[in-house]
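Structural characterization, general
Here's the letter readout for the chains.
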Amino acid sequence: MRKNGERVSYDPRRLQGVTLYEEVERPFSEGDRVQFTAPNRELRVANRELGTIKKIDANGNLQVNLDSGRAVAFKIQQNPHLDYGYAVTSHGSQGQTADRVLIHVDTEKAGENLVNQRLAYVAVSRGRYDVHVYTNDKHHLAETLSREVSHSTAIQANQMPRPETHEIESRVRRQARELPAQGHNIVP
């Protein structure tokens, strides 16, 4: 919807490079964990980059200490793509490391495109010290996290699987089975 109230629709298959945002007001305070929800070239901030609010003044000027060690300062009205950073999706966490990771896996409701080997590898490998997996069914968890969703090309279908692919698949299955033994928790 445009500012004048006019509704606009488009077919995402025909119009590329469009990003949609829903404007939501967030009350921030000094010390809040935040994440940038869009890249900002001027600030040299990547999408989903995390930080902590160091300072806020009455005019909407923020100073954020990024987890990378840099500090950025900006006026919130000029960079409104900011949200709480206390939790991130597994997709948004790629390339990041956290001391402790909490993972929610609903084996009944999440389809194979959401809960599979890729999610398992990315989510479990983010934790430096420990990982806690919360699930509705710990008996089907390993099976659910072992689902393969990669598509083979015609050429790959005639070739033997690469050793590293088999190794990664085995590691993900082993990690899913061994989580409790490694001091990680699976909570039904």
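Predicted, not measured: the structure shown is a model, and the values here were computed from it.

**Quick look at unusual backbone geometry**
Look at Arg 44: it is not a glycine, yet its phi comes out positive at around 60°. Mapped onto the elements of the fold, Arg 44 is located in the loop between β1 (33-36) and β2 (50-56). Located in the positive-phi region is Arg 48, a residue other than glycine, with phi close to 70°. Along the chain, Arg 48 falls in the loop between β1 and β2.

**Here we look at helix α1 (residues 117-124)**
Burial runs high along α1: six of the eight residues are buried. Within the span of α1, buried status applies to Gln 117, Leu 119, Ala 120, Val 122, Ala 123 and Val 124.

**Observations concerning the packing of aromatic side chains**
Considering all chains together, one arrives at three aromatic pairs under this definition. Every member of this aromatic cluster is reached through a ring pair, and the members are Phe 28, Tyr 84 and Tyr 86.

**Observations regarding the pattern of salt bridges**
The tally for this structure, following the rule as stated, stands at three salt bridges. Across the pair Arg 2 and Glu 6 runs a salt bridge, and its minimum N-O distance is 3.3 Å. Residue Arg 2 is classed as partly exposed on the basis of its relative accessible area of 47%. Accessibility expressed as a relative area gives 38% for Glu 6, which makes it partly exposed. Asp 67 is the partner of Arg 33 in a salt bridge, and the nearest nitrogen-oxygen pair spans 2.8 Å. Of this pair, Arg 33 sits in strand β1 while Asp 67 sits in the loop between β3 (61-66) and β4 (71-75), and the two are 34 residues apart along the sequence.

**Observations concerning the pairing of β1**
Note: β1 against β2, three bridges, orientation antiparallel. In the sheet register, Arg 33 faces β2, and the bridge partner there is Thr 52. Bridging between β1 and strand β5 (residues 82-84) involves three bridges; their strand directions are antiparallel. Across the sheet, Gln 35 pairs through a bridge with Asp 83, a residue of β5.

**Focus on the nonpolar core**
Ranked by size, the top nonpolar core spans 12 residues in total: Phe 28, Val 34, Phe 36, Leu 43, Val 45, Ile 53, Leu 62, Val 64, Leu 66, Val 72, Phe 74 and Leu 82. Looking at this core, the elements with two or more residues in it are β1, β3 and β4. Broken down by element, this core gets its largest block of residues, three residues, from β3. The next biggest cluster of nonpolar side chains, apart from the first, holds 11 residues, and it includes Ile 103, Ala 120, Val 124 and Val 133.

**Considering the side chain of Thr 37**
Along the chain, Thr 37 falls in the loop between β1 and β2. Judged by relative accessible area, which is 17%, Thr 37 ranks as buried. With residues near it in sequence (within four places) discarded, Thr 37 still touches Tyr 21, Asn 47, Arg 48, His 81, Leu 82 and Asp 83.

Criteria and thresholds
Residues numbered from 1 in each chain as written. Predicted model: local features only at pLDDT ≥ 70, side-chain atom pairs only at ≥ 80, totals over all residues. Heavy atoms only, no water. Helix = DSSP H or I, 4+ residues; strand = E, 2+ residues; numbered from the N terminus. Buried < 20%, exposed > 50% of the residue type's maximum accessible area, 1.4 Å probe, protein only. Phe/Tyr/Trp six-rings, centres within 6.5 Å; stacked < 30°, edge-to-face > 60°. Salt bridge = Lys/Arg side-chain N within 4 Å of Asp/Glu carboxyl O. Pairing = 2+ DSSP bridges. Core = buried A, V, L, I, M, F, W, Y, C linked by side-chain atoms within 4.5 Å. Contact = heavy atoms within 4.5 Å.

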